[in-house]
Amino acid sequence: MLVTKALIIIGLAIIILGVIFLLQSKSSLGPSTSFMYSNPEWTLNGYIIIGMGVIVIGVGVITRQ
């Protein structure tokens, strides 16, 4: 039970980081001096990180059952 909650919390944190990276790559968040700002490569990285967070949450939900 403790492991499943930890996986869900970690997954949510990963998704939040992915969203931050995605928003920075779309020039919506962060300083313009950031290396991720308006960088299309980080758009793909943001989506990949969000996907990894969803997978971690999925593993947490599956192990809960």
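Residues numbered from 1 in each chain as written. Predicted model: local features only at pLDDT ≥ 70, side-chain atom pairs only at ≥ 80, totals over all residues. Heavy atoms only, no water.

Concerning the overall build of the protein
Of regular secondary structure, the protein possesses two helices and zero strands. Since a compact globule built from 65 residues should have a radius of gyration of about 11 Å, the 14 Å found for the protein marks it as more spread out than a globular shape. With the C-alpha coordinates of the protein rotated into their principal frame, the extents come out at 45 × 15 × 15 Å. Every one of the 65 residues in the protein was classed for burial, and the buried ones make up 26%. For the protein, contacts bridging at least 24 residues in sequence account for 60% of all contacts bridging at least 6. Total accessible area on the protein stands at roughly 4,400 Å², and carbon and sulfur atoms take up 75% of it. (Helix = DSSP H or I, 4+ residues; strand = E, 2+ residues; numbered from the N terminus. Rg over C-alpha atoms; globule rule 2.2 N^0.38 Å. Buried < 20%, exposed > 50% of the residue type's maximum accessible area, 1.4 Å probe, protein only. Contact = heavy atoms within 4.5 Å. Areas by Shrake-Rupley, 256 points an atom, 1.4 Å probe, with all protein chains shown as cover.)

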